[in-house]
Amino acid sequence: PSLLTGDYLRSTLPLLPGPPATLAQMLSVHGYATAAFYPNGIFFCDDPRATAYEQRQFGFRDAWAQSTNAPQLTDRVLSYLHELHGQGDAKFFLWVHYFDVHEPYLNHEAYSFGTRDVDRYDSGIAYVDDQIGRLVAALGQFTRPTILVLTADHGEEFLDHGGNYHGSS
């Protein structure tokens, strides 16, 4: 919610009658096609009021909420982009949320750095980075200028600052 509203989660949830408008809702008003591709796991939090975002699909016109791996997610997004490309130079806003680099950390054979947690974490990062590369390459089919924003909701600690994983320090 913070990334899509510009406000902190804890301050947006108590607002009545509901959460503030999301970026997707604001862009829709200006003629943008909006689509979100994210795992259901993002709504796993300690505040049941977050269901307002889940029910409204963060204000996206099209939403694909499924837990899947990075290649399958990228395939789905590429299919959507292919549909958009058939509509000419449509203005669009996509939110693509990769979730692979979370516990349990998996070792991906093509990106193997070792057996420690941090090695498997790095393997996951390389695995997802490859899929982001596929997505970026596909954006080149549009003649309209494209702005790509890459962000993360958190990283992990491997005793870097005395903590392990995330949310522990």
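Residues numbered from 1 in each chain as written. Predicted model: local features only at pLDDT ≥ 70, side-chain atom pairs only at ≥ 80, totals over all residues. Heavy atoms only, no water.

Draft legend 1. Spotlight on the packing of helix α5 (residues 70-85) against helix α6 (residues 117-139). Close contact between α5 and α6 brings their axes to 9 Å; oriented N to C, the two are set at 10°. Viewed along their axes, α5 and α6 adopt a mutual orientation that is roughly parallel. Listed contacts from α6 to Ala 70, Pro 71, Thr 74, Asp 75, Val 77, Leu 78 and Leu 81 of α5 are Tyr 127, Val 128, Gln 131, Arg 134, Leu 135, Ala 138 and Leu 139. Partitioning the contact of α5 with α6 into residue classes produces 10 nonpolar, two polar and two charged. (Axes fitted to C-alpha atoms, helices over the stretch in contact; angles between N-to-C directions. Helix = DSSP H or I, 4+ residues; strand = E, 2+ residues; numbered from the N terminus. Parallel < 35°, antiparallel > 145°, perpendicular 65-115°, else oblique. Contact = heavy atoms within 4.5 Å. Nonpolar A, V, L, I, M, F, W, Y, C, P; charged D, E, K, R; others polar.)

Draft legend 2. Expanded view of the sheet that holds strand β3 (residues 92-96). Read across the sheet, three strands follow the order β2-β1-β3 without closing on themselves; strand pairing throughout is parallel. Bordering the open sheet on either side are β2 (62-65) and β3, each of which pairs with just one other strand. Between one strand and the next, the sheet's axes are offset by a mean angle of 5°, whatever the strand orientation. Pairing geometry for strand β1 (residues 33-38) and β3, over five bridges, is parallel. (Pairing = 2+ DSSP bridges.)

Draft legend 3. Quick look at empty space enclosed by the protein. Applying the stated rule across the entire model yields one cavity of 30 Å³ or more. The volume enclosed by the largest cavity comes to roughly 50 Å³. Forming the boundary of the largest cavity are Tyr 38, Pro 39, Gln 66, Ser 67, Thr 68, Leu 73, His 97, Tyr 98, Phe 99 and Asp 100. (1 Å grid on protein atoms, 1.4 Å probe; cavity = no way out; pocket = protein on both sides within 12 Å on 5 of 7 lines; lining within 4 Å. Points joined across faces, edges and corners; volume = space filled by probe spheres on them.)

Draft legend 4. Highlighting the layout of surface pockets. One number sums up the size of the largest pocket: a volume of about 1,400 Å³. If you trace the largest pocket, you find 38 residues lining it, with Val 96, Leu 148, Val 149, Leu 150 and Thr 151 closest to the centre. When contributions to the lining of the largest pocket are tallied by element, the ones reaching two or more residues are α1 (2-5), α3 (23-29), β3 and α6. Here the lining of the largest pocket gets seven residues from one element, more than from any other, and that element is α6. Here the lining of the largest pocket is built from residues that sort into 26 nonpolar, six polar and six charged.

Draft legend 5. Structural context of the pattern of salt bridges. Within this structure, the stated rule accounts for four salt bridges. With a closest N to O distance of 2.5 Å, Asp 75 and Arg 134 form a salt bridge. Of this pair, Asp 75 sits in helix α5 while Arg 134 is found in helix α6, placing the two residues 59 residues apart along the sequence. Residue classification places Asp 75 among the partly exposed residues on the basis of a relative accessible area of 41%. The exposure class of Arg 134 is partly exposed, given its relative accessible area of 30%. Here Arg 120 makes a salt bridge to Asp 117, at a shortest N to O gap of 2.3 Å. Note that Arg 120 and Asp 117 are positioned in helix α6 at a spacing of three residues, about one turn of the helix. For Asp 117, a relative accessible area of 24% gives the class partly exposed. (Salt bridge = Lys/Arg side-chain N within 4 Å of Asp/Glu carboxyl O. Buried < 20%, exposed > 50% of the residue type's maximum accessible area, 1.4 Å probe, protein only.)

Draft legend 6. Quick look at unusual backbone geometry. In this structure, Pro 104 follows Glu 103 across a cis peptide bond, with omega equal to -5°. Looking at where Pro 104 falls in the secondary structure, it is placed in the loop between β3 and α6. Of note in the backbone geometry, Gln 57 takes a positive phi value of approximately 55° without being a glycine. Along the chain, the position of Gln 57 falls in the loop between α4 (51-56) and β2. Given a relative accessible area of 31%, Gln 57 falls into the partly exposed group. A positive phi angle is found at Phe 58, which is not glycine, with a value near 55°. Position of Phe 58 relative to the elements: it lies in the loop between α4 and β2.

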